[in-house]
2 protein chains.
Amino acid sequence: MRIGELARRAGISTRALRYYEQQGLITARRAANGYREYSEEDLKLVTEIRSLLTVGFTLEDARPFVACLRAGHASGSSCPESVAVYRRKLAEIDDEIRTLLARRAEVAAQLTTACPGCLPREQDKT
Amino acid sequence: MRIGELARRAGISTRALRYYEQQGLITARRAANGYREYSEEDLKLVTEIRSLLTVGFTLEDARPFVACLRAGHASGSSCPESVAVYRRKLAEIDDEIRTLLARRAEVAAQLTTACPGCLPREQDKT
DNA sequence: GTAATCGTTGACGTCAGCGTCAAGGTCAAG
DNA sequence: CTTGACCTTGACGCTGACGTCAACGATTAC
């Protein structure tokens, strides 16, 4: 399939696909007229990238997963490099959560100081 | 005082001060030679801005606080506009925390699926 | 032939909060 | 007089993941 169809099926822009290629995440063979030609496996790669991005991963983080898929594994996360990224990301997320909680507490304290009536409700903690 | 001294006392760069001025957050009167001249109150303004930024506020968010201080209030948060920003920010932070928690759960699930031995330890939740 | 719809590369724009030159003017000390 | 520390404005760089032209070629439909 060509870039437009892949973009539609992956729910992404053609610009993004060219960008991924430029970043070395995917490659496309070229037709005689210079058009990019993609396989079904490329769709899998792009889908993997997308799902990782939506979880907050960067393209750089996605590299091992893509490499894992291209190496023939059924899942992009079945390689040790991918698992390492998972673990690192988990730690990063935990860090962010901690700082956000600290900020939340600070802001809430400031708010109650500034406006004692405007107590933030305590019951809607998720 | 001039910009260098203010920067030192506020613990920020002169570039940042000029940037805040460019964004309309602070203003400086000019000496005969064109140098910026700051008062002690300007130090307060900058300090307020800094503490807000470190809590995750944007310069835009800081505007009402600065305006409040300039209006003569002892605290930048004693104006209704500032309180409104506090409340909005609190909601934003809660949103971010929620999405981060969701991501964390997703990543953790993926990790355990990919590597059943690498269970993320459950005891270090902050 | 021509219009519509695809594709190509290249390159600048976006968002925030500055960092980092560049190219100069000002001022006190020695 | 000169060094050196300070100040000025202006403008590009940076990070990430693309959006959005521009200017052009290819393919298909009619």
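The residue count restarts for each chain, going from 1 along the sequence in the order it is written. All chains are assigned letters beginning with A, and all ligands numbers beginning with 1, in the order in which they are written. Selection of residues for local features in this predicted model requires a pLDDT of at least 70, selection of side-chain atom pairs for listing and counting requires 80 or more, and totals for whole chains, interfaces and linings are taken over all residues.

- Chain A appears in an unreviewed UniProt entry as MerR family transcriptional regulator from Planobispora rosea.

1. A short note on the protein's contact with DNA strand C
Phase 1: Surrounding DNA strand C, one finds 17 residues, the nearest of these being Gly4(A), Arg36(A), Ser13(B), Ala16(B) and Asn33(B).
Phase 2: Numbering goes from the N terminus for both helices and strands, where a helix is a DSSP run of H or I of at least four residues and a strand is a run of E of at least two. Looking at the surface near DNA strand C, the elements with two or more residues in it are helix 1 (3-10) and helix 2 (14-22) of chain A together with helix 2 (14-22) of chain B. Placing the C-beta atom from the backbone, one calls a residue near a molecule or strand if that atom lies within 6 Å of it.

2. Remarks on the protein's contact with DNA strand D
Phase 1: If you check the shell around DNA strand D, you find 17 residues, and the closest are Ser13(A), Ala16(A), Thr58(A), Gly4(B) and Arg36(B).
Phase 2: Listing elements by their share of the surface near DNA strand D, those giving two or more residues are helix 2 of chain A together with helix 1 (3-10) and helix 2 of chain B.
Phase 3: All residues other than Ala, Val, Leu, Ile, Met, Phe, Trp, Tyr, Cys, Pro, Asp, Glu, Lys and Arg, Gly among them, are scored as polar; the first ten of these are nonpolar and the last four charged. Here the surface near DNA strand D is composed, by residue class, of six nonpolar, six polar and five charged.

3. Focus: the interface of chain B and chain A
Phase 1: By the convention adopted here, residues make contact when the C-beta atoms placed from their backbones lie within 7 Å. Across the contact, 30 residues belong to chain B and 30 residues belong to chain A.
Phase 2: Considered class by class, the residues forming the side of chain B that touches chain A number 15 nonpolar, seven polar and eight charged.

4. So, the UniProt feature "domain: HTH merR-type" (unreviewed entry) in chain A
Phase 1: UniProt positions are given in the numbering used here, feature names are shortened, and annotations may be inferred rather than shown by experiment. This chain's UniProt record puts "domain: HTH merR-type" (unreviewed entry) on residues 1-68 of chain A.
Phase 2: Structurally, residues 1-68 of chain A comprises 62% helix and 6% strand, and the distance from its first C-alpha atom to its last is 23 Å.

5. Comments concerning the relation of the copies chain B and chain A
Phase 1: The fit set for superposing copies consists of C-alpha atoms from residues with pLDDT of at least 70 in both; the fit itself is least squares. The transform that puts chain B on chain A rotates by 180° and translates by 0.0 Å along the axis, for an RMSD of 0.1 Å. One copy is carried onto the other by what is essentially a two-fold rotation axis. Relative to the rotation axis, the C-alpha of Ile97(B) is the closest in chain B, positioned 3.1 Å from it.
Phase 2: A share of 100% of the interface residues of chain B reappears at the interface of chain A, consistent with the copies meeting face to face through the same patch.

6. A closer look at the packing of helix 4 (residues 59-70) of chain B against helix 5 (residues 80-114) of chain B
All names here are of chain B.
Phase 1: Note on definitions: angles span 0 to 180 degrees between N-to-C directions of axes, and those axes are lines fitted to C-alpha atoms, for helices only across the stretch in contact. Direction vectors running N to C along helix 4 and helix 5 enclose 155°, while the axes themselves pass 8 Å from each other. Here helix 5 runs roughly antiparallel to helix 4, going by the angle between their axes. Here the hand of the crossing between helix 4 and helix 5 comes out left-handed. Contacts between helix 4 and helix 5 involve Asp-61, Pro-64, Phe-65 and Cys-68 on the former and, on the latter, Glu-81, Ser-82, Val-85 and Lys-89.
Phase 2: Its residues assigned to classes, the contact of helix 4 with helix 5 shows four nonpolar, one polar and three charged. Any angle that falls under 35 degrees is termed roughly parallel, while one over 145 is termed roughly antiparallel, one within 65 to 115 roughly perpendicular, and all others oblique. Each crossing gets its hand from how the near helix is turned against the far one by less than a right angle, where anticlockwise is left-handed and clockwise is right-handed.

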